[in-house]
Amino acid sequence: MDPSLLLVALLIGQLVHGSAEDHQRSNSTRHHDYCVLGAGPAGLQMGYFLSKAQRDYVILERNTGPGSFFNKYPRHRKLISINKIYTGRQNREFNLRHDWNSLLSDRSDLLLQQITKDLYPEADTYTRYLSMYVKELGLKVQYGVDIGNVRASESSRERKYILRDQHDLDYTCRVLLVSTGLWDPQKVQFVGSDLVEGYESISVDPEDYKDQAVLILGKGNSAFETAQSILGRASRIHLYSPSPVRLAWQTHYVGDLRAVNNELLDTYQLKSLDGLVEGGLEDIAIIQQQEDESRPSGKKKNRNKRSSRSEKRKQLYLTLAELLHNQDGKNGSIHRVQAANLPAYHNDNFSLRQPYDRVIRCLGFRFNFSIFDGSARPPSSEGARGRLPGVTAWYEGRGTSGLFVLGTAAHSRDYRSSAGGFIHGFRYTVRAVHRVLEQRYHSNPWPSTKLLTTQLQSWILKRVNEASGPYQMFGVLGDIILLQGSHCKYLEEFPLQALPKFPKLSGHRVSKHGLLVLVMEYGLNRTDSLGPGRAESEWTRAWRSNFLHPVLYYYDTLPTERDMRRRPAGWPLPRPKAVHHMIEDFLTEWDAPISHTQPLRRFLEHCLQTDLRAFYAESCFLFSLTNRKPPLFCLQGYLSKQGIVGPGSQLWRHVQDTEITSAEQDFASSDSDTSCPPYLTHAGASVSSAANHNL
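Thresholds applied
Residues numbered from 1 in each chain as written. Predicted model: local features only at pLDDT ≥ 70, side-chain atom pairs only at ≥ 80, totals over all residues. Heavy atoms only, no water. Axes fitted to C-alpha atoms, helices over the stretch in contact; angles between N-to-C directions. Helix = DSSP H or I, 4+ residues; strand = E, 2+ residues; numbered from the N terminus. Parallel < 35°, antiparallel > 145°, perpendicular 65-115°, else oblique. Left-handed = near helix turned anticlockwise from the far one by under 90°. Contact = heavy atoms within 4.5 Å. Phe/Tyr/Trp six-rings, centres within 6.5 Å; stacked < 30°, edge-to-face > 60°. Buried < 20%, exposed > 50% of the residue type's maximum accessible area, 1.4 Å probe, protein only. Disulfide = S-S within 2.5 Å. Core = buried A, V, L, I, M, F, W, Y, C linked by side-chain atoms within 4.5 Å. Patch = residues over 30% accessible without salt bridge, like charges linked within 9 Å, V, L, I, M, F, W, Y side chains within 5 Å. Areas by Shrake-Rupley, 256 points an atom, 1.4 Å probe, with all protein chains shown as cover. Salt bridge = Lys/Arg side-chain N within 4 Å of Asp/Glu carboxyl O. Pairing = 2+ DSSP bridges.

Asks: Lay out the packing of helix α2 (residues 41-52) against helix α10 (residues 423-442) with the relevant residues and their values.
Replies: Relative orientation of the contacting elements α2 and α10 amounts to 40 degrees, with a least axis distance of 9 Å. Overall, the two elements α2 and α10 adopt an arrangement that is oblique. Judged by the twist between their axes, the crossing of α2 over α10 is right-handed. In this structure, α2 uses Pro-41, Ala-42, Gln-45, Met-46, Phe-49 and Leu-50 to contact α10, whose residues at the interface are Ile-423, Phe-426, Arg-427, Val-430, Arg-431, Val-433, His-434 and Leu-437.

This is the structure:
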């Protein structure tokens, strides 16, 4: 064949093959409006909201089932999130305050208590619960899709994200919701770090630690969980980290050491061989006993008495790295310190002078940034030692428009200050993100409830006594009340740090009447959590409350970004025009007439510049005859045939005399605002008569 013809044939073949590959790749690309990366609790929670809104979405999961993290972690299988079933209440919203595992849905039966009644459930039960959640709600999850690369493509029209899996199949979406969690072990490099075992790979059989000395690096829940599991087998256990142990019941941060894991504190404080030591990690060295470090023959015989497991292990010593390098001032030579002589380089009572059979790293986990290329990679967070992605107050990656981070990975917004890194917290932040998405991409404003101003007090009392979102995400999510004269709009669970962007994110405007913000907060006064005087009970000193309590902020104008940056230390919001603390309550029931209800009403009256008292119909009748401007309750109630008739009054006797039927009374109240529950149409929390003007 003519060589030129052969060359032409080859070129044509390559073009045909290339176009076929392009066509195949085009056919192998899946397009969705929303891609959710990861089928853990946060991903499934977002899947529920997207499904309910009938959006085009897909959840991509690399494993064969949802919640694969819980197939391995925690290693010793007991969760530390409580599953309190019996609360004495039938209110679903209230009960979620004490159910830290269930996800949100409109199904009252989709709760973890359907799987287990344990207060601290086994981890295996949680994967079963997530599978039930997916099946019952029909969520669109694709398993076995291992995304190895995420990149962004931007044109003049739009920005989209392209996700490539292990089979070179592409998924494209305009919004990427990252809910991969934290599963990459946090490691610290130091001399001898290769001799350390990781929490992710250690044996969970206590017998493997029989009569062994164990050093654990870390003092979090994974470290104490590991220590507790071997407490009855190891000869001694020492925990080493830079910071002292932090107890959750002292700090009010559920990520700190929980009581369910702290048995070692007993054996430490009661001097039973276990202990805690503080020191830096980067400067330590772990060195191993060398074979040529001989011992007297008598000691070798004694070694044979040890267990076979311990005999196979070379002993490990902890020291400072600088002690391994003895600089000679003359020739700069380095002298290696032998392990057998190492304790001599410390004080003779050095706490960790005895050797260990095992050193275990339990330092937590970090976010895996490796799958994101430069166009789609969110920056590392400023806090949390850079282990988490940096996100905005509405959980969008900084510099990565259209990429939102959900769940534990978004904990940088409230690290060590609230519950955003845990299921009972991020189920509400996920809902907040979904509301942001609905406004931005579908022009659906943040859900709101329209109330008469006279109904506001009762609605606030309802929220502080029932709502679980602000209760769990204290200091992070709050209710926004837009004042509009005789009416107001009530928006639930808005991210407080995003308040300067409120109109854009929510689709609502702030009027000239201003706004109120309802937040749940712990006090800033540091106190002994179990000591005398730990709680405040006098309502006139409510601002000194130490435990969780409601706080109301009043602003006549929307705070700016500058205001947010200049807010006082420890405050979730800038200084308001007026602030009101509701006194902390031992029962977390803020409904006492004198301590809670009356101070709240007075604060609202101060902000709204109107009388919010409720009156009997007799009083409203007298006010209508003797005042040009009757109280607001009478204007919106009595004059609209919604007054309260007081027993024993003349009007009450008149009603009895005229024999008005209950059906007629029901008809008279049928004009009440149907946007509120019936019991809110009469603000009966502070009922007074015409003769009692000084309440």
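Asks: Tell me about the packing of aromatic side chains, and please be specific about residues and values.
Replies: Going through the model one piece at a time under the given rule, you end up with 19 aromatic pairs. Taken together, a centroid distance of 5.7 Å and an interplanar angle of 35 degrees make the contact between Tyr-126 and Tyr-129 tilted. Taken together, the residues Tyr-126 and Tyr-129, both in helix α4 (residues 123-137) and three residues apart, mark about one turn of the helix. A relative accessible area of 0% means that Tyr-126 is categorised as buried. Summarising the aromatic geometry, the rings of Tyr-253 and Phe-422 are spaced 5.9 Å apart at their centres and angled 65 degrees between planes, so their arrangement reads as edge-to-face. Pair noted here: Tyr-253 is in the loop between α6 (248-251) and α7 (263-269) and Phe-422 is in the loop between β18 (403-405) and α10, with a separation of 169 residues, a long-range link. By relative accessible area, which is 6% here, Tyr-253 ends up buried. Classification of Phe-422 by relative accessible area gives partly exposed; the value is 23%.

Asks: Tell me about the state of the cysteines, residues and numbers included.
Replies: Within this structure, the stated rule accounts for one disulfide. Disulfide pairing is shown between Cys-620 and Cys-634; the S-S distance is 2.1 Å. Between Cys-620 and Cys-634 the sulfur-sulfur dihedral comes to about -80 degrees; the bridge is accordingly left-handed. Residue Cys-620 is found in helix α16 (residues 617-626), and its partner Cys-634 is found in helix α17 (residues 632-636); the two are separated by 14 residues along the sequence.

Asks: Give a detailed account of the nonpolar core, specifying residues and quantitative values.
Replies: Membership of the largest hydrophobic core comes to 113 residues, with the highest contact counts inside it found for Leu-44, Val-150, Leu-163, Leu-176, Leu-177 and Val-517. When residues in this core are grouped by element, the largest group, eight residues, is from α10. Membership of the second largest hydrophobic core comes to 28 residues, among which are Leu-456, Leu-518, Met-582 and Leu-612.

Asks: Talk me through helix α15 (residues 593-608); I want residue IDs and the actual numbers.
Replies: Of all the positions in α15, only His-596, Thr-597, Gln-598, Pro-599, Leu-600, Arg-601, Phe-603, Leu-604, Glu-605, Cys-607 and Leu-608 are classed as buried. Once α15 finishes, Gln-609 follows within two positions and takes phi at roughly 55 degrees, a positive value.

Asks: Account for a nonpolar patch on the surface, naming residues and giving values.
Replies: Taken together, the side chains of Phe-621, Leu-622 and Leu-625 define a hydrophobic patch exposed on the protein surface, amounting to about 290 Å² of accessible area. Among the secondary structure elements, Phe-621 is positioned in helix α16.

Asks: I'd like a description of the pairing of strand β20 (residues 477-484), backed by residues and values.
Replies: Most of β20 is tucked away, with seven of its eight residues classed as buried. Of the strand pairs in this sheet, β20 and strand β21 (residues 487-495) are connected by seven bridges, and their pairing is antiparallel. Looking across to β21, one finds that Gln-484 is bridged to His-487. The hairpin formed by β20 and β21 contains two residues between the paired strands, and Gly-485 there has a positive phi angle of roughly 80 degrees. Pairing geometry for β20 and strand β22 (residues 515-521), over four bridges, is antiparallel. Its bridge partner being in β22, Asp-479 is matched across the sheet by Leu-518.

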